[in-house]
Amino acid sequence: MKKHAIIPVFLPHEGCPNDCVFCNQKVITARPGLPEPAAFRTMVDTYLETISGRGIETVEIAFFGGSFTGMPDAVQNTYLEIAGIYKSRGSIGKIRLSTRPDYIDDRILENLRSHSVDIIELGVQSLDDTVLRLSNRGHDCAAVYESAALIKSYGFELGIQLMIGLPGDSREKCVASAEKAAAIGPSIARIYPTVILRGTELEQMYINGDYRPLDQDEAIVTAKAMCLILRKAGVNVIRIGLKSSDFIAEGREALGGTYHPAFRQLVESEIVKDILEAQLNGLLAELTSNPGEFSSVFHESPPRRICFMGDSDSLSDMIGHKKSNRLYFEQKYSPMEFTFKTDTSLEKGSFRTMAL
């Protein structure tokens, strides 16, 4: 059962005069402007009523879609004061917002702390200065390091948002960005593949042949490597890929790029596949004196049945998107048979492989 809920409040393109080449916030959020305070309250009340009785342990109000700290103080405080009322009542547990690295300073953080903000996510996108420049981000890597350190010094929980496949990007640069981001020490991170939205400069670059988006396989391999680096450093990767939306779909508002409604599962399935295959090969090494020649060995004896087990949340990732992992193992390790089961004794993210 879901234990954590976020009430998303979209502030499309507010507080951000900069036009990054990939950005079209009105398309992403499908909202033309700021919600009125009364509408904001109604939205929160409706959401809280909807989740009542569902056993949700933590509820957050999260401000997304723009650079929150770039808005006038009066506008920021209007929303924060309303969110603060819900927090003081115990209706929500945390207040989260996202902003740009160059829109952070002591005065801003003092104000956020006085309004009981808990989490600040920085739209970092890349930690390569060339990629930032070609993407028209308007800041360099130094701004990221300075703002991240300042946020942590004030006691806020830090989040970092990264993108892959930006202009001038490469797998090596993305991996390096993940390593640098991990060294900063955020609590949470998001990884977004670049999508070419209509009405952006990136669209024109694509049409002119000045930009080539990653294909899906490249994006999955890159995101997988970044995710593993961040997790190894203890960073919780809370999102991989954009949300499913009628406003971000091939042939509608997205012209191209790596968008897939199940992108996270594609990445997670690849990560789990590698774990299961390593366990399988270790098991085969125990069962035969020629582990590198297992196929011919098993063709001369009855097929062995192998069972992959994981925690209940990992079953779909073990099997893979559209059974991709099941097919992979059945084809590569034929004539062995494979079953996938849950084991409630296993910790989250743990797996076990055994011969039946």
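The coordinates are above.
## A word on the layout of surface pockets
Part 1 of the argument: As a volume, the second largest pocket reaches approximately 190 Å³.
Part 2 of the argument: Lining the second largest pocket are 14 residues, and of these Asp169, Ser170, Arg171, Arg212 and Leu214 lie nearest its centre.
Part 3 of the argument: Within the residue set of the lining of the second largest pocket, elements represented by two or more residues are helix H7 (171–184) and helix H9 (216–232).
Part 4 of the argument: A class-by-class count of the residues in the lining of the second largest pocket yields six nonpolar, four polar and four charged.

## Brief notes about the packing of aromatic side chains
Part 1 of the argument: Applying the stated criterion across every chain, the model contains 11 aromatic pairs.
Part 2 of the argument: Ring plane angle 50° and centroid distance 5.5 Å describe the contact between Phe308 and Phe340, whose orientation is recorded as tilted. With Phe308 in strand E10 (residues 305–310) and Phe340 in strand E11 (residues 337–342), this residue pair connects regions lying 32 residues apart in the sequence.
Part 3 of the argument: Assessed through its relative accessible area of 0%, Phe308 is described here as buried.
Part 4 of the argument: Each residue in the set Phe308, Tyr328, Phe329, Tyr333, Phe338 and Phe340 is aromatic and connected to the rest through ring pairs, giving one cluster.
Part 5 of the argument: Lying over the aromatic face of Tyr86, Arg89 brings its terminal NZ or CZ to 5.3 Å of the ring centre.
Part 6 of the argument: Lys273 extends its terminal NZ or CZ atom over the ring of Tyr328, reaching a point 4.2 Å from the ring centre.

## With respect to the environment of Val195
Part 1 of the argument: Locating Val195 in the fold gives a position in strand E7 (residues 195–197).
Part 2 of the argument: Linking Val195 and Gly241, residues 46 residues apart in sequence, is a C-alpha distance of 9.9 Å.

## Topic: the pairing of strand E4 (residues 119–125)
Part 1 of the argument: Most of E4 is tucked away: seven of the seven residues are buried.
Part 2 of the argument: Where strand E3 (residues 94–99) lies against E4, four bridges are found, and the strand directions are parallel. Residue pairing across strands places Leu97 opposite Ile120, the latter belonging to E4.
Part 3 of the argument: Between E3 and its parallel partner E4, the chain crosses via helix H4 (residues 106–114), and the hand of that crossover is right-handed.
Part 4 of the argument: Pairing of E4 with strand E5 (residues 157–164) involves six bridges; the strand directions are parallel.

## A look at the sheet that holds E5
Hydrogen bonding along the main chain pairs the strands of a sheet, whether they run parallel or antiparallel.
Part 1 of the argument: The strand order across the open sheet built from seven strands is E1-E2-E3-E4-E5-E6-E8, with neighbouring strands paired in parallel fashion. Edge positions in the open sheet fall to strand E1 (4–10) and strand E8 (236–240), since each of these has one partner strand only. When the angles between neighbouring strand axes are averaged without regard to direction, this sheet yields 20°.
Part 2 of the argument: Relative to strand E2 (residues 58–64), E1 runs parallel, the two sharing seven bridges. Its bridge partner being in E2, Val9 is matched across the sheet by Phe63.
Part 3 of the argument: Contacts from H9 reach E5, strand E6 (188–193) and E8, with the element oriented near 160° to E5.

## Section: unusual backbone geometry
Part 1 of the argument: Cis geometry marks the peptide bond from Ser334 to Pro335, where omega comes out at 15°.
Part 2 of the argument: For Pro335, the location among the structural elements is in the loop between helix H13 (324–332) and E11.
Part 3 of the argument: Within the chain, Ser116 stands out as a residue other than glycine whose phi angle is a positive 65°.
Part 4 of the argument: With respect to the helices, strands and loops of the structure, Ser116 is situated in the loop between H4 and E4.
Part 5 of the argument: For Ser116, a relative accessible area of 34% puts it in the partly exposed group.
Part 6 of the argument: We note that Lys322 has phi near 55°; this positive angle belongs to a residue other than glycine.
Part 7 of the argument: Positionally, Lys322 belongs in the loop between helix H12 (315–319) and H13.

Reading guide: rules and limits
Residues numbered from 1 in each chain as written. Predicted model: local features only at pLDDT ≥ 70, side-chain atom pairs only at ≥ 80, totals over all residues. Heavy atoms only, no water. 1 Å grid on protein atoms, 1.4 Å probe; cavity = no way out; pocket = protein on both sides within 12 Å on 5 of 7 lines; lining within 4 Å. Points joined across faces, edges and corners; volume = space filled by probe spheres on them. Helix = DSSP H or I, 4+ residues; strand = E, 2+ residues; numbered from the N terminus. Nonpolar A, V, L, I, M, F, W, Y, C, P; charged D, E, K, R; others polar. Phe/Tyr/Trp six-rings, centres within 6.5 Å; stacked < 30°, edge-to-face > 60°. Buried < 20%, exposed > 50% of the residue type's maximum accessible area, 1.4 Å probe, protein only. Lys NZ or Arg CZ within 6 Å of the ring centre and 35° of its normal. Pairing = 2+ DSSP bridges. Right-handed = clockwise from strand over helix to strand, strands pointing away. Axes fitted to C-alpha atoms, helices over the stretch in contact; angles between N-to-C directions. Contact = heavy atoms within 4.5 Å.

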